[in-house]
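# Examining the three-dimensional arrangement
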Amino acid sequence: MPPTSFIRKYIFSLDHKVIGRQYLDLGLVAVLTGMVLSWLMRFHLAYPASTIPLLGWIAPKLAAGGVITPELYLSLMTMHGTIMVFFVLTTAPFAGFGNFVLPIQVGAEDMAFPRFNMLSFWVTFVAFLVLVAAFFVPEGPPISGWTAYAPLSAIGKDAGPGMGTGQTLWAVSIAIFCVGQLLGSLNFIATTLDLRTRGMTLMRMPFSTWAWFITSVIGLIAFSVLLPACVLLILDRVAGTSFFIPAGLVVSDRLQAHSGGSPLLWQHLFWFFGHPEVYIAILPGFGIISHILPVFARKPLLGPKVVLACMGAIGFLSYTVWGHHMFLSGMNPVSATLFSVPTLIITIPATIVTLLWIGTIYGARLRFTTALLFCLGFVSVFVSGGISGFFLAQPSIDTYLHGTYFVVGHFHFVMGVAAMFGIFAGTYFWFPKMYGRMMNETLGKIHFTLTLIGVYCIFMPMHYLGLAGNIRRYSAFTDDYMKGSLPLHRFITMAALFTGAVQLIFLYNLFWSRFRGAKAPPNPWQATSLEWSIPSPPPFDNFGGHHPVVGHGPNEYGVAGPDGDYVMQAEPEGHGVA
Amino acid sequence: MIGIATITMSFAAYTSAMVVRQSSGADWQAIPLPPILYFNTLVLLASSATFVIGRRRLAASWATGASEPAASPAAPGMTWLYLTLGLGLLFLAGQVLAWRALAGQGLYVATTPNSGFFYVLTALHALHLLGGVAALLYLIGRLTRGSGPTPVNALGAVSLYWHFMDVLWIYLLLILATRL
């Protein structure tokens, strides 16, 4: 029975559709926060001496007179990275869309464990509050970056401003976040394996469901490593243990009363999570693109089984490459080679999938909706960012590039912008199903065009800055040898402010369409998967009390079906096959 | 819904195994393990055995008394479940004694990396076992009330989890005994 009280219906809801939207709303709040932080950083990089109005009033200690101090810059960087990676790129494409769409796509009424699901969201929400609380402690947020390298992250106040309470809050927040994601992953796996409706064999599952399933397997392993890492870090900080702190460490002229720990242990634990996390962010995008491209190409996805095999291979290989983040840690060259080889191998399945996408749209009569445009944009930025990965995978080249803007450009393209484009594609595609109203296509296309131009203007020049030796993590480039990069940094800042402003169009479209958009029919895109066989928005129990019987795979486009050139998955078997 | 609980519990189990496994990686000054740990191990093994017997008895009573869907508190298996619960709590109490024994030798969580790992691993295991105790209490509550369908899946899931905690402890004890 659908709950009637406001709190049970919209706040502590057990309905996967509400929880999915809650995750997306959390992601939206987080992405706006992260974007404002990046604006502040970009402004300071371009105009190091200029004051930012009101900032001096908000943060009198860290930005006296409105000029960002180097410490505040690092705090902003840490919070930008942490918020974006954990609370945007993990929550929105995986937990957000996955929660809303996955149970419907497999023909279930809800997730396997609705209570765990609710708990998962609220635990994540608490983690976000704890992280944001770091802004409000006297010394501000930590300055250790989103990777929080030990030993400086483990010893407390001596390591610098924000490394006291701020860093503890960071570690606690991430530990809580892990618990939320473990509960979510568990739920996704159980739902996919056990709640599929009759006829929904594994090979008939839509690609998006496959991608979320693989992502949740990755997430289950990755977050269950990060959780103990954070627990050990917290113990080092508050209980005086020495898991990550070596003997005889002197920081800020004070001998640290710890001994026997290994800072490298943190790096290993962190990156054993950290690299798979990249795929937790991007694989849902893979699924969304593989799901949406055939709809607007009106052709089946090329090599569907190969795509699935490649996604599985990426998931597996993602656990063998973490060391490529640590080439600079004094690693044995043999180990570096051992990590470099799988890093190069993992590009093979990624390349195959990309080529299959391009093959799918080759010769197709594309329907240029905004969702399709963002899919094409995804392919574009993923390739642009992926190619720079080939260079970084070589230990010898990485030694030069690792500390430069080349890496910043690389991962923002391949992980940040690509995943964001996946989120945008999913939003424009599933919005009608979520809210029962269509988004404005004209505004959507303007949003896409300007965003695509904007992100290339931001991140492409960073590669050249990196090649020229422009160091990352510095708050200003006023020294002699780096002065030459300043004009380009100003250009990037302009592009970043412009691209950020363009997102206001998206926000306006989002809210306007939610209340004023044209009414959406059940299947506006003529797609095949189960979510399009039910009303928009779906009723409380998704299928109105009956269990759909699936007779077809998700990929039957370009065939003679009962309603046009496609066959819905819910059509009886043998019906309408070309 | 059949089997979901079991599968998920095994995933939960797998997760906890990863959690614990990943944190082992230390090899410094050895610390003597408190001998009570071996007694605790026996207690935990015994609790698994009583759980097996209890589950068999319950299943047998369900198979024969098909007209009576839920087991009454007097069912023969219940005694064994209570025994399991008691042994589980005894194990936890024994672990507390082990910690006190270490503390008595002046070994605290921050004293050496080894004692740190000892406390963290045993505490994490105890925490997980406490979850098992809570699940067992919930199960006993459902069986005692006797209303609703027989909790076959829940019984299977809790039993699997309990045995897993047992296996996990043996694994931890081996690591602690050989690596610390």
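Predicted, not measured: the structure shown is a model, and the values here were computed from it. What you see as residue numbers is a count from 1 along each chain, following the sequence as written. Just so you know, chain letters begin at A and ligand numbers begin at 1, following the order they were written in. Since the coordinates come from a predicted model, pLDDT governs what is reported: local features require at least 70, and pairs of side-chain atoms require 80 or more to be given and counted, while whole-chain, interface and lining totals use all residues.

## Concerning the overall build of chain B
Operational definition: Only DSSP runs of H or I covering at least 4 residues are called helices, and only runs of E covering at least 2 are called strands; the numbering of each starts at the N terminus. With C-beta atoms placed from the backbone, a residue is buried if 20 or more other C-beta atoms are within 10 Å of its own, exposed if 12 or fewer are, and partly exposed between those counts. We call two residues in contact when their backbone-placed C-beta atoms lie within 7 Å.
Looking only at helices and strands, chain B has five helices and zero strands in total. Listed N to C, the secondary structure of chain B is α-α-α-α-α in terms of helices and strands. For chain B, the residues scored as buried account for 34% of the 180 residues in total. Summarising the internal contacts of chain B: among those between residues at least 6 apart in sequence, 81% fall at separations of at least 24.

## Focus: the overall build of chain A
Rules: Both definitions apply: the radius of gyration is a C-alpha atom measure, and the globule rule equals 2.2 Å times residues to the power 0.38.
Counting its regular elements, chain A contains 15 helices and four strands. Here chain A has a C-alpha radius of gyration of 24 Å; the compact-globule value for 578 residues is 25 Å, and the two agree. Structurally, chain A occupies a C-alpha span of about 75 × 50 × 45 Å along its principal axes. Sequence separation of at least 24 residues holds for 79% of the intrachain contacts in chain A that already meet a minimum separation of 6.

## Concerning the packing of helix 2 (residues 16–46) of chain A against helix 4 (residues 70–105) of chain A
Helix-helix packing is described using two parameters, namely the angle between the two axes and the distance between the axes. Residues and elements named next belong to chain A. What counts is decided by this rule: For every element, the axis is a line fit to its C-alpha atoms; helices are fit only across the contacting stretch, and the angle between N-to-C directions ranges from 0 to 180 degrees. Just so you know how the angles are binned, under 35 degrees is roughly parallel, over 145 roughly antiparallel, 65 to 115 roughly perpendicular, and the rest oblique. By convention the crossing between two helices is left-handed if the near helix lies anticlockwise of the far one by an angle smaller than a right angle, and right-handed if it lies clockwise.
Running from N to C, helix 2 and helix 4 point in directions that differ by 155 degrees, and their axes come no closer than 7 Å. In terms of their interaxial angle, helix 2 and helix 4 are classed as roughly antiparallel. Helix-helix and strand crossings are classified by hand; for helix 2 and helix 4 the assignment is left-handed.

## Looking at the environment of Ile36(B)
All names here are of chain B. Take Ile36: it is sitting in helix 2 (residues 36–64). In this structure the C-alpha to C-alpha distance between Ile36 and Leu97, which are 61 residues apart in sequence, comes to 7.7 Å. Sequence-distant contacts of Ile36, that is, excluding residues within four places in its chain, are made with Gly94, Leu97, Ala98 and Ala101.

## Here we look at the nonpolar core
Residues and elements named next belong to chain A. Which entries qualify depends on this criterion: Put simply, a nonpolar core is a cluster of buried Ala, Val, Leu, Ile, Met, Phe, Trp, Tyr and Cys residues tied together by C-beta atoms within 7 Å.
Membership of the largest hydrophobic core comes to 188 residues, with the highest contact counts inside it found for Ile292, Ala418 and Ala425. Tallying contributions element by element places helix 4 first for this core, with 21 residues. Leaving out residues up to four positions away in the same chain, Ala425 has contacts with Ile288, Ile289, Ile292, Ala371, Phe374, Cys375 and Phe378.

## Remarks on unusual backbone geometry
All names here are of chain A. Of the consecutive residues Ala150 and Pro151, the connecting peptide bond is found in the cis state with omega at 5 degrees. Tracing the chain through its elements places Pro151 in the loop between helix 5 (114–133) and helix 6 (165–194). Of note, the bond from Ser536 into Pro537 is cis; its omega dihedral lies within 30 degrees of zero at -15 degrees. Looking at where Pro537 falls in the secondary structure, it is placed in the loop between helix 15 (486–516) and strand 3 (557–561).

## Quick word on the environment of Ala309(A)
Following the sequence through the fold, Ala309(A) ends up in helix 9 (residues 304–317). Each C-alpha atom, one on Ala309(A) and one on Val353(A), is 9.6 Å from the other, the two residues being 44 residues apart in sequence.

## Overview of the environment of Ala171(A)
Residue and element names in this part refer to chain A. Considering the arrangement of structural elements, one finds Ala171 in helix 6. Each C-alpha atom of the pair Ala171 and Leu131 lies 8.6 Å from the other, and the pair is 40 residues apart in sequence. Residue contacts for Ala171: discarding those within four places in its chain leaves Cys230, Leu233, Ile234 and Arg237.

## Considering the packing of helix 4 of chain A against helix 13 (residues 405–435) of chain A
Residues and elements named next belong to chain A. Remark: helix 4 packs on helix 13, axes separated minimally by 11 Å, with the N-to-C direction vectors making an angle of 30 degrees. On the basis of their axis angle, the class for helix 4 and helix 13 is roughly parallel. Taken as a pair, helix 4 and helix 13 cross one another with a handedness that is left-handed. Across the interface between the two elements, Met84, Leu89, Ala92, Pro93, Phe97, Phe100 and Val101 from helix 4 touch Met415, Gly416, Ala419, Gly422, Ile423, Gly426, Trp430 and Met434 from helix 13.

## Topic: the confidence of the model for chain B
Residue and element names in this part refer to chain B. We count it as follows: Looking at any residue, its pLDDT shows the predictor's confidence there, from 0 to 100.
Per-residue confidence for chain B gives a mean pLDDT of 77; residues scoring 70 or more make up 74%. Here helix 1 (residues 4–22) stands out as the least confident element of chain B, with mean pLDDT 52; helix 3 (residues 76–104) is the most confident, with 90. Predicted as a complex, the structure gets a pTM of 0.91 and an ipTM equal to 0.78.

## Some remarks on helix 10 (residues 333–361) of chain A
Note on helix geometry: an α-helix contains 3.6 residues per turn, so any two residues three or four positions apart are oriented the same way. All names here are of chain A. Filter applied, for reference: Take the number of residues in a helix, subtract one, and multiply by 1.5 Å to get its expected span.
Look at helix 10: 43 Å from first C-alpha to last across 29 residues, which is about the 42 Å you get at 1.5 Å a residue. Turning to helix 10, the residues buried within the fold contact helix 8 (263–297), helix 9, helix 11 (370–392) and helix 12 (395–401). A positive backbone phi angle near 75 degrees is found at Gly363, which sits one or two residues after helix 10.

## Let's talk about the pairing of strand 3 of chain A
All names here are of chain A. The condition that has to hold: Paired strands, in this sense, are two strands between which DSSP finds at least two bridges.
Bridge analysis of strand 3 against strand 4 (residues 564–566) gives two bridges, and the strand direction is antiparallel. In the strand pairing of strand 4, Gly561 is matched with Gly564. A loop of two residues connects strand 3 with strand 4, the two strands running antiparallel in sequence.

## Here's the deal with helix 6 of chain A
The end-to-end C-alpha separation of helix 6 of chain A is 44 Å, in line with the 44 Å expected for 30 residues at 1.5 Å each. Burial of helix 6 of chain A is extensive: 27 of the 30 residues sit out of reach of the surface.

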